[in-house]
Amino acid sequence: EVALDRLQRGEWSPEDVTPAPEDSNETEYAENLRKIVPSPARYNANPEYLFEASGSAGKLMVFAVRTRTFPREVHPTVFYIGTNNTHELEEIRRLFLEADMPLPISGEYMGRSAFDLAEKYGKDTFVFLKFMSPALQTRMFSFKTWANGLFSKIPGIGPTFADTVSQAMFSVLPNQLPKRMMEYRNRFEHHLLLTVSESQKAASEKMLKEFFAEPEHTGEFFICTSDEEKSASLNRFGAASAATRYAALKRRHIAGLIPIDVALRRDDWNWLEVLPEEIDDQLEVKAYYGHFFCHVMHQDYVAKQGVDPEALHDRIQHLLEERGAKLPAEHNYGRIYKLPESMEEHFKELDPTNTFNAGIGGTSPHKDWA
């Protein structure tokens, strides 16, 4: 209130403003990411990164945000890596994290199941973004939401009418993905999109060639053309909504979708989970994709009909936490996850009247946290 009052009265000078952070590609977070230690790199409840607006779980009020900037990458290079051995991808991850050069721009993982879901159930998103425009896609999504709401009121049609029509229309289109990507899909279970700056292209290519030249390594890679780069990125982007579309269209035949995002330990060689048979048998579909260098994974499960999705979610969460993982990593607590005590204290400091996100994470839904 004091700050707002001073702003309103104009009682401030440039000397009162916090100095701008120094522009840099290599930040404190980059240093943190390079550490191969038995803890996750980033997750919502990490007290090291909770400050003011950070860690919000829904409604939020921010007056100003200032962040570091850095030059935009003009000609980045994307390496498309395929392998049937998850250990190889972890070796590559550590190779780049420990290398004496700037970190890659990104490293995005996709399993074959996520690849297939995105190719089939994210085709409309792919086509709109590749051949039309994000603005048009936004308008189409708004129209789809409106149409689903309208037709959900008509008996016998249900809340996914527009999704069903869109899926039927775009399914008649031929496969939109480049030939080399589909060849890798058929040959390899695990895919990694490794994006580096133009200045790192030669060194990164040399590292990958030397890595796969070793006889124990069975994977391969290729450098994407501009079309392959765009297609690979859009297919990975489509994975985020493909399982939702699948579950919506199959809603009469399944128990529900169980989405989990998890921050795995940075030193976890067995980063891709292997579920116990008793849990695996309850699942119709599993899809794994994520941000590989920070070990944050998105894991979508579709539960078979007759299964209790909430109970299954809790069992999977327990297995992940036994491995030293933290949940949720990026998404919010909602009514699914229970807030840890440190996070609850953080929310109380941000919102002492409990006005913004009352009841989040199993906390009090009442005024003033009563």
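This structure is a prediction, so every number in the text was calculated from the model and none was measured.

Here's the deal with the overall build of the protein
Right, so step 1: Within the protein one finds 13 helices and 7 strands.
Right, so step 2: In terms of overall dimensions, the protein is globule-like: its C-alpha atoms have a radius of gyration of 23 Å, near the 21 Å expected for 370 residues.
Right, so step 3: Along the three orthogonal principal directions, the C-alpha set of the protein runs to about 65 × 60 × 45 Å.
Right, so step 4: Within the protein, the proportion of its 370 residues that are buried is 44%.
Right, so step 5: When the accessible surface of the protein is summed, it comes to about 20,300 Å², and 55% of that surface belongs to carbon and sulfur atoms.
Right, so step 6: Side chains of the protein give 42 positive and 56 negative charges; the mean places of these two sets differ by 7 Å.

Re helix α3 (residues 86-97)
Right, so step 1: Across its 12 residues, α3 extends 17 Å between first and last C-alpha, which sits within 8% of the 16 Å expected from 1.5 Å per residue.
Right, so step 2: For α3, the set of buried residues is E88, L89, E90, I92, R93, R94, F96 and L97.
Right, so step 3: Summarising the contacts, the buried residues of α3 are in contact with α2 (28-34), β1 (77-83), β2 (106-111), β3 (190-196) and α9 (201-213).

Things to note about helix α1 (residues 2-9)
Right, so step 1: Across the 8 residues of α1, 0 count as buried, placing the element largely on the outside.
Right, so step 2: Positioned one or two residues after α1, G10 has a phi angle of 75 degrees, which is positive.

Quick notes on the pattern of salt bridges
Right, so step 1: In the structure shown here, the tally under the stated rule is 21 salt bridges.
Right, so step 2: Close ionic contact of R185 with D116 constitutes a salt bridge, the shortest N to O distance being 2.7 Å. Of this pair, R185 sits in helix α8 (residues 179-187) while D116 sits in helix α4 (residues 112-121), and the two are 69 residues apart along the sequence.
Right, so step 3: Judged by relative accessible area, which is 28%, D116 ranks as partly exposed.
Right, so step 4: Where K123 meets E119, a salt bridge forms, and the shortest distance between an N and an O atom there is 4.0 Å.
Right, so step 5: For E119, a relative accessible area of 19% corresponds to the buried category.
Right, so step 6: Here the salt bridges share partners, and the residues they tie into one network are E90, R93 and R94.

Description of the nonpolar core
Soluble, globular proteins show a tendency: their nonpolar side chains are buried together.
Right, so step 1: Judged by nonpolar contacts, the single largest core of 57 residues is most densely connected at I81, Y109, L208 and I260.
Right, so step 2: Once residues lying within four places of it in the same chain are set aside, the contact partners of I81 are L89, I92, Y184, H190, H191, L192, L194, L208, F212, E220 and F221.
Right, so step 3: Listed in part, the 32 residues of the second largest apolar core include A114, A118, L177 and Y184.

Re unusual backbone geometry
Right, so step 1: In this model, L327 is joined to P328 through a cis peptide bond whose omega is -15 degrees.
Right, so step 2: By the element assignment, P328 lies in the loop between α12 (309-322) and α13 (341-350).
Right, so step 3: Backbone geometry at H295 places phi at a positive 60 degrees, although glycine is not the residue there.
Right, so step 4: Position of H295 relative to the elements: it lies in the loop between β6 (283-291) and β7 (296-304).
Right, so step 5: Residue classification places H295 among the buried positions, given a relative accessible area of 0%.
Right, so step 6: Even without being glycine, D368 reaches a positive phi, approximately 60 degrees.
Right, so step 7: Counting through the fold element by element, D368 comes out in the segment after α13.
Right, so step 8: You can call D368 partly exposed: its relative accessible area is 46%.

Thoughts on the pairing of β7
Right, so step 1: A large share of β7 lies buried, amounting to 8 of its 9 residues.
Right, so step 2: In this sheet, β7 lies alongside strand β5 (residues 254-263) in antiparallel orientation, the contact comprising 9 bridges. Bridging from a neighbouring strand, G256 pairs with A303 of β7.
Right, so step 3: Relative to β7, β6 runs antiparallel, the two sharing 8 bridges. Within the sheet, the bridge partner assigned to Y288 lies in β7 and is Q299.
Right, so step 4: Hairpin geometry of β6 and β7 is characterised by an intervening segment of 4 residues between the two adjacent antiparallel strands and by a positive phi of about 60 degrees at H295.

A few points about a nonpolar patch on the surface
Right, so step 1: Nonpolar side chains collect at one region of the surface, where L4, L7, W12, V17, M61 and F63 lie side by side and expose about 660 Å² of accessible area between them.
Right, so step 2: Summarising the element assignment, M61 is placed in the loop between α2 and β1.
Right, so step 3: The class for M61 is exposed, based on a relative accessible area of 52%.

Points about the packing of helix α6 (residues 134-151) against helix α7 (residues 161-171)
Right, so step 1: The geometry of α6 relative to α7 is characterised by a closest axis approach of 7 Å and an angle of 125 degrees between their N-to-C directions. In terms of their interaxial angle, α6 and α7 are classed as oblique. Between α6 and α7, the residues in contact are K144, A147, N148 and F151 and F161, A162 and D163, respectively.
Right, so step 2: A class-by-class count of the residues in the contact of α6 with α7 yields 4 nonpolar, 1 polar and 2 charged.

Thresholds, definitions, all that
- Residues numbered from 1 in each chain as written.
- Predicted model: local features only at pLDDT ≥ 70, side-chain atom pairs only at ≥ 80, totals over all residues.
- Heavy atoms only, no water.
- Helix = DSSP H or I, 4+ residues; strand = E, 2+ residues; numbered from the N terminus.
- Rg over C-alpha atoms; globule rule 2.2 N^0.38 Å.
- Buried < 20%, exposed > 50% of the residue type's maximum accessible area, 1.4 Å probe, protein only.
- Areas by Shrake-Rupley, 256 points an atom, 1.4 Å probe, with all protein chains shown as cover.
- Lys, Arg positive; Asp, Glu negative; His and termini not counted.
- Charge placed at Lys NZ, Arg CZ, Asp CG, Glu CD.
- Expected span 1.5 Å × (residues − 1).
- Contact = heavy atoms within 4.5 Å.
- Salt bridge = Lys/Arg side-chain N within 4 Å of Asp/Glu carboxyl O.
- Core = buried A, V, L, I, M, F, W, Y, C linked by side-chain atoms within 4.5 Å.
- Pairing = 2+ DSSP bridges.
- Patch = residues over 30% accessible without salt bridge, like charges linked within 9 Å, V, L, I, M, F, W, Y side chains within 5 Å.
- Axes fitted to C-alpha atoms, helices over the stretch in contact; angles between N-to-C directions.
- Parallel < 35°, antiparallel > 145°, perpendicular 65-115°, else oblique.
- Nonpolar A, V, L, I, M, F, W, Y, C, P; charged D, E, K, R; others polar.

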